Amino acid sequence: MPDGAVTEAPQKPGPEILTVGDYKSGDKPIWCPGCGDYGVLSAMYKALTSLQWQQQEVVVVAGIGCSSRTPYFMSTYGIHGVHGRSLPMATGLKLARPDLHILVVGGDGDLLAIGAGHFPHAASRNIDLTCIMMDNQTYGLTKAQSSPTSLIGHKSKSTPYGVIAKPMNPILYALSNGATFVARAYSAKPNDLAQIIAAGMRHTGFSFIHVQSPCAEFFNTYDYYDQRIEALPEDWDRHDLKGSIDLALTEEKVHLGIFYEEERASIERQAHEFEGEKQEFDLAAYLQKFA
Ligand SMILES: Cc1ncc(C[n+]2csc(CCOP(=O)(O)OP(=O)(O)O)c2C)c(N)n1
Ligand code: SF4
C-alpha cells in the first residue's frame, strides 16, 4: 500500500439480519400439492422474519395431523407430541420457561376434537402463546373423516349420509372462553396472514388465529372461501367483545382480520409473582399422613 493512502476503517460486524431462509429447517414439507398449510408455513416464516426473533428463542409445539408436522420445517425448537395435547405441553413449557416465544400449531381435529377440552383452559388462563389452527374441516392425515368444523351435510368416510351435527365455531369458542387476541385469516392470503401472526406473537397473552386452510386432496374449499371471504371493516373496534361475538355468528360472510384484542395479565406472569412466597415443602413427611 503506498505511503499516505487513506484506508477505510474496518467495519464493525453489525447485528445479523435474519431472513426467511434462516427460519427454514431444510426439510421440505411433504404436504400434497395445493395444501393450504404451505401458505400458513410461508406466513410463519415471514412473521418471524418481521419480528427478527432468534431461532433459539422460539418453540413450535404441535400435536398430530398433517398440519401438526409444521415443527419439522422450522429451524426453531419444536415439539411434535401427542394428538390433542399441544396446549398442555405448551402451557407447561411457558410456565417453566417464560422467556421463550411459543407457537402452537394444529388442525381442527387436533385442537377442537381430541384437544377441545384443553382449549378453553388455555384461553381463560391467558397463557402467553400464539395458537394457529389450520382448519380444513376434515381429518387430512387419516384420509378424510369429518371434523368438528365440517359443515352440515358434509359427506365423508365417517359420515356417509352427511354430517348432522352443528359445526363448532372456533372464533366464538375462543372469544367466549377469554382469549385476549382472536383473529381469522385465509391460507391463500399468506401476506395478510403473516401480519396477523406477527401481531398475535407480539400480543402478551393467549392469541388465537383461526386459519381457513383447505385440504386440496380430500376437501377442496378454495372456491367456497374465495367467494365468501371479506375483510373486517377498516374502522372495526377490536376492543368490542360483544360486537366481535355478533360478527363471529355471521354465517353469510367469512370475515378476515383481528376480531378482538384485550390486555389482561397472563397466567405465567401472575404465577411468577408468587415466587417470593415459596415455602419449603417436605414431600416425604407430607406423604406420611396417608401411610
Ligand atoms: C390418540 C389418537 N387418536 C387418534 C389418532 C389418529 N389421528 C391422527 S391425526 C388425526 C386427525 C387429524 O386431523 P387434524 O388435526 O384436523 O389435522 P389435519 O391432518 O387435517 O391437518 C387423527 C384422528 C391418533 N394419532 N392418536
Ligand atoms: S391430506 Fe389434505 S391436509 Fe393433508 S397434506 Fe394433503 S392436502 Fe394437506
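On a predicted model such as this, the values are computed, not experimentally measured, just so you know. (Residues numbered from 1 in each chain as written. Chains lettered and ligands numbered in written order. Predicted model: local features only at pLDDT ≥ 70, side-chain atom pairs only at ≥ 80, totals over all residues.)

1. Description of the sheet that holds strand β4 (residues 129–135)
Sheet strands pair via backbone hydrogen bonds, and the direction of the pair is either parallel or antiparallel.
Right, on to step 1. Ordered by their spatial adjacency, 8 strands build an open sheet running β2-β1-β3-β4-β8-β7-β10-β9, and the pairing between neighbours is mixed. Lying at the two open borders of the sheet, with one neighbouring strand each, are β2 (77–80) and β9 (229–231). If you compare each strand with its neighbour and ignore which way they point, the axes differ by 20° on average.
Right, on to step 2. Pairing geometry for β4 and strand β8 (residues 206–212), over 7 bridges, is parallel. When the bridges of β8 are listed, I132 appears paired with I209.
Right, on to step 3. Packed on one face of the sheet, helix α2 (residues 86–96) meets β1 (58–62), β2, β3 (101–107) and β4 and runs near 175° to β3. (Pairing = 2+ DSSP bridges. Helix = DSSP H or I, 4+ residues; strand = E, 2+ residues; numbered from the N terminus. Axes fitted to C-alpha atoms, helices over the stretch in contact; angles between N-to-C directions. Contact = placed C-beta atoms within 7 Å.)

2. Focus: the pairing of strand β10 (residues 254–261)
Right, on to step 1. Pairing analysis gives 4 bridges linking strand β7 (residues 181–186) to β10, with the strands arranged antiparallel. Bridging from a neighbouring strand, F181 pairs with E261 of β10.
Right, on to step 2. The sheet contact formed by β9 and β10 spans 3 bridges and is parallel. Directly across from A231, in β10, lies its bridge partner L256.
Right, on to step 3. A crossover connection joins β9 to the parallel β10 through helix α8 (residues 241–248); in handedness this β-α-β unit is right-handed. (Right-handed = clockwise from strand over helix to strand, strands pointing away.)

3. Quick word on the confidence of the model for the protein
Right, on to step 1. Counting all residues, the mean pLDDT for the protein is 94, and 95% of those residues have values of 70 or more.
Right, on to step 2. Taken as a whole, residues 1–5 scores under 50 in pLDDT and shows 0 contacts with residues more than four places along the chain or in a different chain. (pLDDT = per-residue confidence, 0-100.)

4. As for the pairing of β4
Right, on to step 1. Of all 7 residues in β4, 7 are buried, a share of seventy percent or more.
Right, on to step 2. Burial along β4 is two-sided: L129, C131, M133 and D135 and T130, I132 and M134, pointing in opposite directions, are all buried.
Right, on to step 3. Relative to β4, β3 is paired through 5 bridges, and the arrangement is parallel. Along β4, the bridge assignment pairs G106 with M133. (Buried ≥ 20, exposed ≤ 12 C-beta atoms within 10 Å, placed from the backbone.)

5. Quick word on the nonpolar core
Right, on to step 1. With 60 residues, the main nonpolar core has V104, I132, V182, I197, F208 and V211 as its most contacted residues.
Right, on to step 2. Of the residues forming this core, the biggest block, 7 residues, is contributed by helix α1 (residues 37–51).
Right, on to step 3. The next biggest cluster of nonpolar side chains, apart from the first, holds 5 residues, and it includes W31, C35, C66 and F219. (Core = buried A, V, L, I, M, F, W, Y, C linked by C-beta atoms within 7 Å.)

6. Comments concerning the site of ligand 1
Right, on to step 1. Around ligand 1 sit 18 residues in total, of which G65, G107, G109, D110 and G140 are the nearest.
Right, on to step 2. The set of elements that each furnish at least two residues to the shell around ligand 1 consists of β3, α3 (108–112) and β5 (138–139).
Right, on to step 3. Among the elements that take part in the shell around ligand 1, α3 stands out by supplying 3 residues, more than any other.
Right, on to step 4. Tallied by class, residues from the shell around ligand 1 come to 5 nonpolar, 11 polar and 2 charged. (Near = placed C-beta within 6 Å. Nonpolar A, V, L, I, M, F, W, Y, C, P; charged D, E, K, R; others polar.)

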